[in-house]
Amino acid sequence: MGKLIDLKLLPTLAAKSDANWRRFLVKNKKKLEGMDLQVHALHDKISKRTDCLSCGNCCRTLGPRITDKDIDRMAKTLRIKTSEVMAKYLRVDEDGDTVFQSMPCPFLGADNYCAIYESRPKACREYPHTDRKRFYQVYELSIKNAYTCPIVYEVLEELTASNPAKGL
Ligand code: SF4
Ligand code: SF4
């Protein structure tokens, strides 16, 4: 495992690169559509050397959007009714999305383990999205995520460094 980027410094580091990442998108919009393999290889390499258990930043700060299927799965695992899952852990936010009542997530342990790991919401399973198909569709979201997630920060740094946009 590599050394984790200092989470306190991450927003400052991401802010420094933000404009460069956005310029890369403007100059490589079409090219980015064919770059999934390269992005996924970076994701695999960087995820392997990153210890999420010594980070937990996403589970502490970002609220995943929770679907009805997620609630069903959580209810089964917790052996309670879906209405109880809703009442105990969830709320509907101002956009009408179902989210955790508060963050850090109530299922995050002090050791950064997830107490419902096998039944965690789909959004948690898919985070940080740097291995998803058609990565270009979440490129801008990834810039936002890079302020929170060291994996996304490093993927964007390496991607833009290895494909410098002419005239930056
Ligand atoms: S459910 Fe688990 S993976 Fe999802 S935010 Fe909570 S602790 Fe993290
Ligand atoms: S996915 Fe990113 S933010 Fe979440 S624990 Fe792993 S490195 Fe940290």
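Residues numbered from 1 in each chain as written. Chains lettered and ligands numbered in written order. Predicted model: local features only at pLDDT ≥ 70, side-chain atom pairs only at ≥ 80, totals over all residues.

A word on the overall build of the chain
Here is step 1: Broken down by element type, the chain carries 8 helices and 2 strands.
Here is step 2: Helices and strands in the chain line up, N terminus first, as α-α-α-α-α-β-β-α-α-α.
Here is step 3: Counting only residues that meet the buried cut, the chain has 23% of its 168 residues in that class.
Here is step 4: A sequence separation of at least 24 residues applies to 70% of the contacts in the chain between residues at least 6 apart. (Helix = DSSP H or I, 4+ residues; strand = E, 2+ residues; numbered from the N terminus. Buried ≥ 20, exposed ≤ 12 C-beta atoms within 10 Å, placed from the backbone. Contact = placed C-beta atoms within 7 Å.)

Considerations on the site of ligand 1
Here is step 1: Near ligand 1 you find C59, P64, C105, F107, L108, C114, I116, R120, P121 and C124, and these make up its full shell.
Here is step 2: Here the shell around ligand 1 is built from residues that sort into 9 nonpolar, no polar and 1 charged. (Near = placed C-beta within 6 Å. Nonpolar A, V, L, I, M, F, W, Y, C, P; charged D, E, K, R; others polar.)

Some words on the domain arrangement of the chain
Here is step 1: What the domain assignment reports for the chain is domain 1 (10-58 + 128-162) and domain 2 (63-126).
Here is step 2: Domain 1 and domain 2 are separated by 26 Å when their C-alpha centres are compared. (Domains from an automatic or database assignment.)

A closer look at the environment of K133
Here is step 1: By secondary structure assignment, the location of K133 is in the loop between helix 6 (122-126) and helix 7 (139-145).
Here is step 2: Taking C-alpha positions, K133 is 27 Å from Y113, a pair spaced 20 residues apart along the chain.

Remarks on the packing of helix 2 (residues 36-48) against helix 8 (residues 150-162)
Here is step 1: Two numbers describe how helix 2 lies on helix 8: the axes approach to 9 Å, and their chain directions differ by 130 degrees. Here helix 2 is positioned oblique relative to helix 8, judged by the angle of their axes. With respect to the hand of their crossing, helix 2 and helix 8 are arranged in right-handed fashion. Across the interface between the two elements, V39, L42, H43, I46 and S47 of helix 2 pack against I151, E154, V155, E158 and L159 of helix 8.
Here is step 2: For the contact of helix 2 with helix 8, a count of residues per class yields 6 nonpolar, 2 polar and 2 charged. (Axes fitted to C-alpha atoms, helices over the stretch in contact; angles between N-to-C directions. Parallel < 35°, antiparallel > 145°, perpendicular 65-115°, else oblique. Left-handed = near helix turned anticlockwise from the far one by under 90°.)

Focus on the site of ligand 2
Here is step 1: For ligand 2, the full set of nearby residues is T50, C52, C55, G56, N57, C58, Y127, P128, T148, C149, P150 and I151.
Here is step 2: Secondary-structure elements contributing two or more residues to the shell around ligand 2 are helix 3 (57-61) and helix 8.
Here is step 3: For the shell around ligand 2, the per-class residue count stands at 8 nonpolar, 4 polar and no charged.

Examining helix 8
Here is step 1: Look at helix 8: 18 Å from first C-alpha to last across 13 residues, which is about the 18 Å you get at 1.5 Å a residue.
Here is step 2: Residues of helix 8 that are buried: P150, I151, V152, Y153, E154, V155, L156 and L159.
Here is step 3: Where helix 8 is buried, its residues meet helix 1 (10-33), helix 2 and helix 7. (Expected span 1.5 Å × (residues − 1).)

Thoughts on unusual backbone geometry
Here is step 1: A cis amide bond links M103 to the next residue, P104, at an omega of 0 degrees.
Here is step 2: As for its position among the elements, P104 is in the loop between strand 2 (98-100) and helix 6.
Here is step 3: In this chain, Y127 is followed by P128 through a cis amide linkage whose omega measures 10 degrees.
Here is step 4: Among the secondary structure elements, P128 is positioned in the loop between helix 6 and helix 7.
Here is step 5: A positive phi angle is found at R79, which is not glycine, with a value near 55 degrees.
Here is step 6: By secondary structure assignment, the location of R79 is in the loop between helix 4 (68-78) and helix 5 (82-89).
Here is step 7: The class for R79 is exposed, based on 7 C-beta atoms found within 10 Å.

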